[in-house]
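# A structural walkthrough
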Amino acid sequence: MLNRRDFIKMVGAFSFVLTPLNTLIRKTQGIDSSDGELYEGFVLLDQDAPIPSFVQVAPCPILCNVDESTLLNPELDAYKGDISWFDSIENLRNNIDFRIFVLGSLPHKMTFLHGYVLRFAGSSEVWEARLDFGFENNREPLISLSARPIFARPYPVWPVLTYPKKEPPEIILDDEYIIRKPDKVVFTPEQGIMLPTDQGYTLQWIKRDVLYTIFMEYEGWRDNVESVGKSLVEK
């Protein structure tokens, strides 16, 4: 089982902002709409662009410690995260009221590690359900599938910075850094987007008002992205 630090680090791999609702609202108030492309429930933004004012910001659960000045705020208790762990996909599925996706097949010797449902402590509303897969010998999540019924609408997406892999003492030159905008894909259950990661890629799509994400950090399937998308099974 993951400890608290490992869990927060793992959730952070999805680039989730773990801040309470009132903080998010303060950060977005007064921001003018920036250029962005609306696409299938997403708004595709330029690098470092602010969150457009038309985005309906959603609350995020608090998973980390808060400073002393906010401890007496009773609203914070409602936004604290409540995590339930599951040792089978079926048990997790029986504890949510929306659909999830699983892969039709897995890489050789890869297995289901664990799943969790993250709720708001105050309302018991589900913020995210997630399944993690990896190898039994080190139990590091390499493939994760997430379903989130609570998310910003339209969902903001920024480009990522990519660079070539080199072995020390080789140096990555400035002109080798490339800003990669999300690719639009049609092989996910609904039209979605794809962004590269260090060892793989991230796929996202929205279906029945739920945001789905695949985080693939397994280099062996890095070039298998279309087959992965087409193999998804809805449960």
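Residues numbered from 1 in each chain as written. Predicted model: local features only at pLDDT ≥ 70, side-chain atom pairs only at ≥ 80, totals over all residues. Heavy atoms only, no water.

### Section: the environment of Asp175
Put simply, the rule reads: Only runs of H or I of at least four residues qualify as helices and only runs of E of at least two qualify as strands under DSSP, and these elements are numbered from the N terminus.
The residue Asp175 is located in the loop between β9 (160-162) and β10 (178-180) in this model. Expressed as a C-alpha distance, the spacing of Asp175 and Tyr163, which sit 12 residues apart in the sequence, is 9.3 Å.

### So, the nonpolar core
Counted only if it meets this: Nonpolar core, defined: a set of buried Ala, Val, Leu, Ile, Met, Phe, Trp, Tyr and Cys residues in which side-chain atoms within 4.5 Å join the residues together. Partly exposed describes any residue whose relative accessible area lies between the buried limit of under 20% and the exposed limit of over 50%, with all areas from a 1.4 Å probe on protein chains only and scaled to the type maximum. Any pair of residues with heavy atoms lying within 4.5 Å of one another is described as a contacting pair.
Ranked by size, the top nonpolar core spans 34 residues in total, and within it Leu92, Ile96, Ile143, Leu145 and Leu203 carry the most contacts. If you list the elements that add at least two residues to this core, you get β4 (101-103), β5 (110-120), β6 (126-135), β7 (143-148), β13 (201-207), β14 (210-216) and α5 (225-230). Every residue in contact with Leu92, bar those within four places of it in the chain, is listed here: Phe86, Ile100, Gly115, Tyr116, Val117, Ala129, Arg130 and Leu131. Counting 15 residues, the second-largest nonpolar core is a separate cluster that includes Tyr39, Phe42, Leu45 and Val157.

### Section: the pairing of β6
The line we're drawing: A strand pair is defined by DSSP finding two or more bridges across the two strands.
With 10 of 10 residues buried, β6 lies mostly within the body of the structure. Strand direction decides the pairing type here: β5 and β6, joined by 9 bridges, are antiparallel. Paired with Tyr116 across the strands is Arg130, a residue of β6. Connecting β5 to the next strand, β6, in antiparallel fashion are 5 residues, including Ser124 with a positive phi near 65°. Pairing geometry for β6 and β7, over 5 bridges, is antiparallel. Among the inter-strand pairings, Leu131 is bridged to a residue of β7, identified as Leu145.

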